[in-house]
Amino acid sequence: MKTPSPPHAPPGILIVDDTPANLQLLSDMLRQQGFRSRPVPGGEMALRAAEASPPDLILLDVNMPGLDGFETCARLKRDPKLAPIPVIFVTAFNELASKVRGFEVGAVDYITKPFQFEEVEARVRLHLELARLRIEQTRHVTQLQEAVARRTAELAAARSRLEILDRAKTDFLSLISHEIRTPLNGAFGVTELLLANSTDPAIVEYSEMYAQSRRRLLALLDDAMLLSQIGDGVDTGAREQCALEHLLEEACVRAMPLAEYHHVRVSTPPAGLGLVRGSADYLVRALQGILETAIKFAGPHTMVHWNGDQDGSRTWLSMEAFGRTVPPSAQPHFFDLLAVRETILPGGDLGLGLPLAERIVRLHGGSVQVDNLSPPGIRLTVRFEAAGQPTD
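Quick caveat: nothing in here was measured; it's all calculated off a predicted structure. (Residues numbered from 1 in each chain as written. Predicted model: local features only at pLDDT ≥ 70, side-chain atom pairs only at ≥ 80, totals over all residues. Heavy atoms only, no water.)

Here we look at the overall build of the chain
Part 1: Helix and strand counts for the chain come out as 10 helices and 12 strands.
Part 2: The proportion of buried residues among the 392 residues of the chain is 41%.
Part 3: Here the chain has roughly 21200 Å² of accessible surface; of this, 56% comes from carbon and sulfur atoms. (Helix = DSSP H or I, 4+ residues; strand = E, 2+ residues; numbered from the N terminus. Buried < 20%, exposed > 50% of the residue type's maximum accessible area, 1.4 Å probe, protein only. Areas by Shrake-Rupley, 256 points an atom, 1.4 Å probe, with all protein chains shown as cover.)

Quick look at the structure:
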């Protein structure tokens, strides 16, 4: 691409004509309008002059002895350094065939002799401006391509770092799930021996607290292991078809110890919701985690209510619990893994069960949503991809 003249320098015009009077006239008139004009009397000399110092525009006579204007223009356009320079033919010919041939070899415009200088100046300024805009466009495209290339490289590096961090998180979750079980089993065994067969009311109360803490620790380890497996891209069995009614019944059974500990009842799950696509084991674990979250938000001696229905290709479930709401600051990242660090409930954080459940549902093509209710409470809504109705 030709480099334009410096901003402080006037545009340079190369004038090519074998008639000295025409050369002199055009050169003088262009200089009077502030252009730098270079007159040359023939095609060969024009090629050498352009090669030595590329002009901003060329006014080229068509009918010249030796190397005529058509061949001169064609040779200019074969040189990558000179090809972008706009060429305006100056000719006494007005035939259509002559004009078409000029455009075919690369000219951008025609001026017919005898010419009016106002027309010459107007066409020269127009094509200088068009050439400037083309150069600017090329520069902007190049800058954009370079910026896209840099951004692509930055994103690739960031993705690589995220993959390393995600791998480290997965390895850590797997490590604690495996390695903590052995010392915990010893601690559990000793504690159970110390608490066994005691009728002291205080010891009985401690036993209940211990049992709840034990269940929570083991659930945390199981959730950590499952999260690490999901992080490794484990097959979720999304092609299976499962009766949602059976999944709900099993989730209720698994969540019952937590409900009893919090003195919360759970309504009978809705029936007749058909089939959903996915792995039964994973989906039961997800529904258990969502139900246990609802239980944690429910007030003592209240009930978690189920609702559900099918809507075309989607099946939805909702669990309503009245007692507490999600703080506004926590709601946008309620299902984030890092949100388990925050104290959302008076009794502590929510653990890994909820983010694990949300990931399982999402991997199966569904979604989980939380909404605050009034009187204070929450509604957890789960949507699945329906797979039809169960058959007997």
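The rest of the description comes next.
Description of the pairing of strand S2 (residues 36-40)
Remember that side chains alternate between the two faces of the sheet whenever the strand is regular.
Part 1: Pairing of strand S1 (residues 12-16) with S2 involves 5 bridges; the strand directions are parallel. Paired with Ile15 across the strands is Pro39, a residue of S2.
Part 2: One crossover worth recording links S1 to the parallel S2 by way of helix H1 (residues 20-32), and it is right-handed. (Pairing = 2+ DSSP bridges. Right-handed = clockwise from strand over helix to strand, strands pointing away.)

Remarks on the sheet that holds strand S4 (residues 87-91)
Part 1: An order of S2-S1-S3-S4-S5 is seen for the 5 strands of this open sheet, with the pairing classed as parallel. The open sheet has two edge strands, S2 and strand S5 (109-112), and neither has a second partner. On average, each strand axis in the sheet is tilted by 20° relative to the strand beside it, whichever way the strands run.
Part 2: Where helix H3 (residues 69-78) meets the sheet, its contacts fall on strand S3 (57-61), S4 and S5, and the angle it forms with S4 comes to roughly 175°.
Part 3: Sitting on the sheet, helix H4 (residues 96-105) touches S4 and S5, and the angle it makes with S5 is about 140°. (Axes fitted to C-alpha atoms, helices over the stretch in contact; angles between N-to-C directions. Contact = heavy atoms within 4.5 Å.)

Focus: helix H9 (residues 280-297)
Part 1: Taking 1.5 Å of rise per residue, the 18 residues of H9 would be expected to cover 26 Å, and the 26 Å separating its terminal C-alpha atoms lies within 8% of that figure.
Part 2: Here H9 lies mainly inside the structure; 15 of its 18 residues are buried. (Expected span 1.5 Å × (residues − 1).)

A few points about unusual backbone geometry
Part 1: Between Lys113 and the following residue, Pro114, the backbone shows a cis peptide bond with an omega angle of -10°.
Part 2: Relative to the elements of secondary structure, Pro114 occurs in the loop between S5 and helix H5 (117-179).
Part 3: Residue Pro375 is reached from Ser374 by a cis peptide bond, and omega for that bond is 5°.
Part 4: Tracing the chain through its elements places Pro375 in the loop between strand S11 (367-373) and strand S12 (377-388).

Overview of the packing of helix H8 (residues 244-261) against H9
Part 1: At a closest axis distance of 8 Å, the pairing of H8 and H9 adopts a crossing angle of 45°. As summarised for this structure, H8 and H9 are arranged oblique, according to the angle between their axes. Regarding H8 and H9, the two cross each other, and that crossing is right-handed. Residues Leu244, Leu247, Leu248, Glu250, Ala251, Cys252, Arg254, Ala255, Leu258 and Ala259 of H8 form the contact with H9, whose participating residues are Ala280, Leu283, Val284, Arg285, Leu287, Gln288, Leu291, Glu292, Ile295 and Lys296.
Part 2: Split into classes, the residues belonging to the contact of H8 with H9 amount to 14 nonpolar, 1 polar and 5 charged. (Parallel < 35°, antiparallel > 145°, perpendicular 65-115°, else oblique. Left-handed = near helix turned anticlockwise from the far one by under 90°. Nonpolar A, V, L, I, M, F, W, Y, C, P; charged D, E, K, R; others polar.)

Quick word on the pattern of salt bridges
Part 1: Evaluation of the coordinates by the stated rule reveals 17 salt bridges.
Part 2: For Glu71, the salt bridge goes to Arg78, with nearest N and O atoms at 3.4 Å.
Part 3: For Arg78, a relative accessible area of 57% translates into the label exposed.
Part 4: Salt-bridge contacts for Glu136 lead to Arg139; the nearest nitrogen and oxygen are separated by 2.4 Å. Taken together, the positions of Glu136 and Arg139, both in helix H5 and 3 residues apart, correspond to about one turn of that helix.
Part 5: We classify Glu136 as partly exposed; its relative accessible area is 25%.
Part 6: When its relative accessible area of 33% is taken as the criterion, Arg139 is described as partly exposed. (Salt bridge = Lys/Arg side-chain N within 4 Å of Asp/Glu carboxyl O.)

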